[in-house]
Amino acid sequence: MSSYSSREIHLTSRPDGLPVAENFSMVERTVVPEADDVVVQNIYMSVDPAMRPPLTNGATKLDEPMASSAIGKVIQSSNSEFPEGAYVRHRLGFREISCVKADQLEPITTDGESLTTHLHVLGMTGLTAYGGLLVTGALQDGENVFVSAAAGAVGSVVGQIAKIKGCRVVGSCGSDDKVKHLIDDLGFDHAFNYKTSSISKELHVGLPKGIDVYFENVGGAHLDAACGQMRPLGRIPVCGMISGYNNKGARSEGVTTLSNMIYNRVTMKGFVVYEFADKQEQFLRDMRTWIADGKMKYSETIMQGIEQAPEALIGLFEGKNTGKMLVQLAQE
Ligand SMILES: NC(=O)c1ccc[n+]([C@@H]2O[C@H](COP(=O)([O-])OP(=O)(O)OC[C@H]3O[C@@H](n4cnc5c(N)ncnc54)[C@H](OP(=O)(O)O)[C@@H]3O)[C@@H](O)[C@H]2O)c1
């Protein structure tokens, strides 16, 4: 049985607020697979905001390899379903070589698209946007939609699906370049930089009739402004609240406008992507069609090398990514 040298990222101390590089370390070790392991050379790995709260609440263990979704090539296997040379997706990223049991692997078949798309627009963040907007958000054609963190992996897909459905779409993001990207490249009707403008005023300008669906990625001041402008029977699918993830208990700032939910009979509902497993096939069909038709565009911010993984994770909270934040670990 072969052994492999692999570098991996460990959490070595728990962050207080925004994580810093010193909370992590890179460890080199020799990996010895078990007989039934499929050994994967990871090529790309996903870095996600949801990884942040477990750094503080204890779910991510100290001095053990961290984990995230990854795509790689099988380099050793006795399993005919996952032969050597096959591309696979799994959840043991944050290391260069992963030893994975077959029931934890998904085969990746690319239909002309790049491998990386299976970690975002054709992967978890794409399905999050699709299910969150169409199922939880019950989007109707032609509605008024607001999405926060709109230039990120989930938000950019949400906005474009809403445009495909004939909606008026407004997005918020954290830089003027991202504002330009949302309007010029992704076809948003209005976008604004929440760091330099009033969220409430921008929503009045962009959606003068009010909001039918607010796709919530940020929480705090965003939710406060949006909730106060919801239309009758409006929906708020709650996907994430990244503005609070660096706080203890992932608590976001207070919201003062909830009474609008009463008079306008607004529904606010949290969801997790796993709820939409039954939509996977339809999602892939729709998304591949939209990409082929030029209606669904995507961006990626790809950092190079496992040593960049902590910076990539910290960068999510500094808005360093446009589209999906990824780390490349090996050449394709
Ligand atoms: N429910 C689920 O199953 C599920 C699944 C996936 C993701 N999510 C959630 O969806 C949201 C987006 O995730 P993603 O993977 O697509 O990440 P992303 O949007 O690609 O990256 C995070 C973005 O959030 C913005 N941001 C960071 N701190 C912020 C703050 N304090 N206030 C406002 N914006 C801030 C940054 O962009 P700016 O430059 O615009 O600030 C950053 O680029 C997150 O809340 C995540 O937890 C939920």
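Residues numbered from 1 in each chain as written. Predicted model: local features only at pLDDT ≥ 70, side-chain atom pairs only at ≥ 80, totals over all residues.

1. Details of the overall build of the protein chain
When helices and strands are counted, the protein chain shows nine helices and 15 strands. Relative to its length of 332 residues, the protein chain is compact, with a C-alpha radius of gyration of 20 Å against a globular reference of 20 Å. Going through the 332 residues of the protein chain one by one, you find that 45% of them count as buried. Of the contacts made within the protein chain by residues no fewer than 6 positions apart, 66% connect residues no fewer than 24 positions apart. (Helix = DSSP H or I, 4+ residues; strand = E, 2+ residues; numbered from the N terminus. Rg over C-alpha atoms; globule rule 2.2 N^0.38 Å. Buried ≥ 20, exposed ≤ 12 C-beta atoms within 10 Å, placed from the backbone. Contact = placed C-beta atoms within 7 Å.)

2. Remarks on the sheet that holds strand β10 (residues 190-193)
Adjacent strands of a sheet pair through backbone hydrogen bonds, lying either parallel or antiparallel. Pairing in this open sheet of six strands is parallel, and the strands run β10-β9-β8-β11-β12-β13 from one edge to the other. The two strands at the open ends of the sheet, each matched to only one other strand, are β10 and β13 (267-270). On average, each strand axis in the sheet is inclined to that of its neighbour by 15 degrees, with strand direction left out of account. The pairing of strand β11 (residues 211-215) with strand β12 (residues 230-238) spans two bridges and is parallel. Note that in β12 the partner of Val213 across the bridge is Arg235. (Pairing = 2+ DSSP bridges. Axes fitted to C-alpha atoms, helices over the stretch in contact; angles between N-to-C directions.)

3. A short note on the site of the ligand
Of all residues adjacent to the ligand, which total 29 residues, the nearest are Gly152, Val154, Gly174, Gly240 and Gly319. Looking at the shell around the ligand, the elements with two or more residues in it are α2 (124-136) and α3 (153-164). With three residues, α3 is the largest single contributor of residues to the shell around the ligand. When its residues are assigned to classes, the shell around the ligand shows 16 nonpolar, eleven polar and two charged. Mapped onto the domain boundaries, the shell around the ligand takes at least three residues apiece from domain 1 (4-120 + 299-328) and domain 2 (124-275). (Near = placed C-beta within 6 Å. Nonpolar A, V, L, I, M, F, W, Y, C, P; charged D, E, K, R; others polar. Domains from an automatic or database assignment.)

4. Looking at the environment of Gly85
If you trace the backbone, Gly85 turns up in the loop between β4 (70-76) and β5 (87-90). Separated by 39 residues in the primary sequence, Gly85 and Ser46 have C-alpha atoms spaced 21 Å apart. Every residue in contact with Gly85, bar those within four places of it in the chain, is listed here: Lys73 and Val74.

5. Quick notes on the nonpolar core
Membership of the largest hydrophobic core comes to 54 residues, with the highest contact counts inside it found for Leu133, Phe146, Val158 and Ala226. Counting residues in each nonpolar core, the second largest holds 34 residues, with Val47, Ala70, Val100 and Met325 among its members. (Core = buried A, V, L, I, M, F, W, Y, C linked by C-beta atoms within 7 Å.)

6. Some words on helix α4 (residues 176-185)
Taken as a whole, α4 has its buried residues at Lys178, Val179, His181 and Leu182. Take α4 and look down its axis: the buried residues cluster within an arc of 160 degrees, on one side only. Opposite the buried face of α4, by more than 90 degrees, sit the exposed residues Asp177 and Asp184. Phi for Gly187, located one or two positions after α4, is positive at around 80 degrees. (Arc of directions from axis to C-beta.)

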